[in-house]
Amino acid sequence: MPLLCVAEARPGVLAVSALRYLAGVALVLPAVPGPDPLTVLRGGLAWVLSIFAVYLFNGVTDVAEDRINGSGRPIARGELAPRTAGVVAAVAGAASLAVTAGLPRAMVWIIAANLVLGFLYSGPPWPLKDSCGGTVVVLCLSGLLSYLAGAVVAGSATVGLAAGSATAQLVAGAVAVGPATVQLVVFAGAATCWMVLVGMPAKDLSDIPGDTAVGRRTLGVLLGERRARQVMVAAALGVLVVFGLAVALLRVPLTAVLAVMAAGVVAVMLAGRMTGTEAGTDTGSEAASGAGTLAAGKRTGSAGRGVRRRPYRAFMLTQHLLHITPLLTNIWP
């Protein structure tokens, strides 16, 4: 059962969540002495537990659309009971808060905020995941919190503010690290934009039939598959250009990260070109009706879903490499 819960919470997502936190730690290391490794590990455990709780709860609330979309996760396959997963999610959420004991007090608020965002995203009565705007807000805030958590644990532990206020710890962790602040802000902004502006439409491509059936107004549903792919490609290019300008103008040492993103943009563009008509007819607003969309999804089956997920796989691989790069360049220069 524990392994099924981990599978439902998506190991790839858990891994990249840990990497985001560690990137927040690594990007402040040039400005601070090495923080206590055990403190950093405890902070990472608290963060990943909160993400585990959030995504497991999301799986509980996504059963209908996951089954329509042909998802292979345990709840959709009937191997993990939603009630059991819900209990495990609640326990994991409580554990993530408990692990913050002894960490900078700001971490309590960061973890609590992430859990609240997760509930607002998936929970009743008006889950934010049902709209594009709500999804963007939650992803942006949760993504930025991950880097802030890493910076707070590294920075606060170093300057000895364990007895200070939560506000003071936030300032110490995210601001008082000197020149590294610019590097952290530029990286966090670029990585968050990549996650939201590229990852969101990429993920929507394989979920359009189920999202339409349950009334969600995602980008794929609103624009249709073809236009959603176009938005994804344009967003990837836009994020790369803006990130490149920031690296050049602010002279932050993120050239290696920029190169990884450039390769990722090419991968996403190529994967997007292989989707389209090869995976079935366009869906969403371009379909004749929601029923037509659902029928198209059923006709394409697992093969069609696999093709539609290629851009998302390219996005996820790039996201992992984006966060591994600053760990290698900052910890082992």
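Everything in this summary refers to the structure shown in the same document.

Parameters and conventions
Residue numbering note: each chain is counted from 1, following its sequence as written. Local features in this predicted model are restricted to residues whose pLDDT is 70 or higher, and side-chain atom pairs enter the listing and the counts only when it is 80 or higher, whereas totals over whole chains, interfaces and linings include all residues. Think of the side-chain values as coming from all heavy atoms in the structure, minus any hydrogens and water. We count a stretch as a helix when DSSP gives it H or I for four or more residues in a row; a strand needs E for two or more, and each element gets its number in order from the N terminus. The buried label applies to any residue whose accessible area, calculated with a 1.4 Å probe on protein chains only, is under 20% of its type's maximum; exposed applies above 50%, and partly exposed to all values in between. Note on areas: these come from Shrake-Rupley sampling with a 1.4 Å probe, and a residue is covered only by the protein chains present in the view. Using protein atoms alone on a 1 Å grid, points that fit a 1.4 Å probe yet trap it form a cavity, whereas open point sets bounded by protein on both sides within 12 Å along at least five of seven lines form a pocket; residues with an atom within 4 Å of a point count as lining. Grid points are joined across faces, edges and corners, and a volume is the space filled by probe spheres set on the points. Residue type decides the class: Asp, Glu, Lys and Arg count as charged, Ala, Val, Leu, Ile, Met, Phe, Trp, Tyr, Cys and Pro as nonpolar, and the leftover types, Gly among them, as polar. Two aromatic rings from Phe, Tyr or Trp, using only the six-membered ring of Trp, form a pair when their centres are within 6.5 Å; if the ring planes differ by under 30 degrees the pair is stacked, by over 60 it is edge-to-face, and anything between is tilted. Take the number of residues in a helix, subtract one, and multiply by 1.5 Å to get its expected span. Arc definition: directions from the helix axis to the C-beta atoms. Definition of nonpolar core: a set of buried residues of the types Ala, Val, Leu, Ile, Met, Phe, Trp, Tyr and Cys, connected through side-chain atoms within 4.5 Å. Here a residue-residue contact requires only that any non-hydrogen atoms of the pair lie within 4.5 Å. Salt bridge, as used here: a side-chain nitrogen of Lys or Arg that lies within 4 Å of a carboxyl oxygen of Asp or Glu. Orientation is described by lines fitted to C-alpha atoms, with helices fitted over the stretch in contact, and by angles between N-to-C directions that extend from 0 to 180 degrees. If an angle is under 35 degrees, it is roughly parallel; if it is over 145, roughly antiparallel; if it lies from 65 to 115, roughly perpendicular; otherwise it is oblique. Less than a right angle of anticlockwise turn of the near helix away from the far helix marks a crossing as left-handed, whereas a clockwise turn marks it as right-handed.

## Considerations on the overall build of the chain
Regarding its fold elements, the chain presents 16 helices and zero strands. Within the chain, the proportion of its 333 residues that are buried is 53%. Per element, the accessible surface of the chain, about 14,000 Å² overall, is 72% carbon and sulfur.

## Some thoughts on the layout of surface pockets
Size it by volume and the largest pocket reaches roughly 780 Å³. For the lining of the largest pocket, the secondary-structure elements that each account for two or more residues are α2 (11-26), α3 (37-61), α4 (63-69), α7 (106-122), α8 (132-159), α10 (180-204) and α16 (310-331). In terms of residue class, the lining of the largest pocket is built from 18 nonpolar, 13 polar and 14 charged.

## Topic: the packing of aromatic side chains
For the structure on display, the rule yields four aromatic pairs. Between Trp194 and Phe315, the aromatic rings sit 6.2 Å apart at their centres with planes inclined by 25 degrees, giving stacked as the arrangement. One end of the pair, Trp194, is in helix α10; the other, Phe315, is in helix α16, with 121 residues separating them in the sequence. On the accessibility criterion, Phe315 (3% relative accessible area) is buried. A network of ring pairs unites the aromatic residues Trp194, Tyr312 and Phe315 as a single cluster.

## Looking at helix α14 (residues 255-273)
The end-to-end C-alpha distance of α14, which contains 19 residues, comes to 27 Å, matching closely the 27 Å that a straight helix rising 1.5 Å per residue would cover. Buried within α14 are the following residues: Val257, Val260, Met261, Gly264, Val265, Val268, Ala271 and Gly272. Summarising the axial view, the buried residues of α14 lie within an arc of 150 degrees, below the 170-degree limit, and thus occupy one face. Set apart from the buried face of α14 by more than 90 degrees, the exposed residues are Thr255 and Arg273.

## A look at the nonpolar core
Ranked by internal contacts, the top residues of the largest apolar core, which has 74 residues, are Trp194, Leu254 and Met261. In this structure Leu254 touches Leu27, Gln183, Val186, Phe187, Phe243 and Val247, once residues within four positions along its chain are discounted.

## Describing the pattern of salt bridges
In this structure the tally under the stated criterion is five salt bridges. One salt bridge in this structure joins Asp62 and Lys129, with 2.4 Å as the shortest N-O distance. With Asp62 in the loop between α3 and α4 and Lys129 in the loop between α7 and α8, this pair connects stretches of sequence that are 67 residues apart. No difference in accessibility class separates Asp62 from Lys129, as the two residues are buried. A salt bridge links Asp66 to Arg73, with the nearest nitrogen and oxygen atoms 2.9 Å apart. Summarising the burial analysis for this pair, Asp66 and Arg73 share the class buried. In the salt-bridge network here, residues are joined through shared partners; they are Glu8, Asp66 and Arg73.

## Some thoughts on the packing of helix α13 (residues 225-250) against α14
Contact geometry of α13 with α14 gives a least axis separation of 10 Å together with a crossing angle of 165 degrees. Between α13 and α14, the angle falls in the class roughly antiparallel. Here α13 and α14 pass one another in a crossing that is left-handed. On the side of α13, the interface is formed by Arg229, Met232, Val233, Ala236, Leu237, Val239, Leu240, Phe243, Gly244 and Val247, while α14 contributes Thr255, Val257, Leu258, Met261, Ala262, Val265, Val268, Met269 and Gly272. When the residues that make up the contact of α13 with α14 are grouped by side-chain class, the tally is 15 nonpolar, three polar and one charged.

## Digging into unusual backbone geometry
In this chain, Pro124 is followed by Pro125 through a cis amide linkage whose omega measures 5 degrees. Tracing the backbone through its elements, the reader meets Pro125 in the loop between α7 and α8. Located in the positive-phi region is Arg10, a residue other than glycine, with phi close to 70 degrees. Among the structural elements, Arg10 can be located in the loop between α1 (2-8) and α2.

## Points about the environment of Ala53
Following the sequence through the fold, Ala53 ends up in helix α3. Classification of Ala53 by relative accessible area gives buried; the value is 6%. Taking the C-alpha atoms as reference points, Ala53 and Val88, 35 residues apart in sequence, are found 7.6 Å from one another. Setting aside chain neighbours within four positions, we find Ala53 in contact with Ala89, Ala92, Gly93 and Leu115.

So, to be careful, I would describe these as geometric facts and stop short of saying anything about function.
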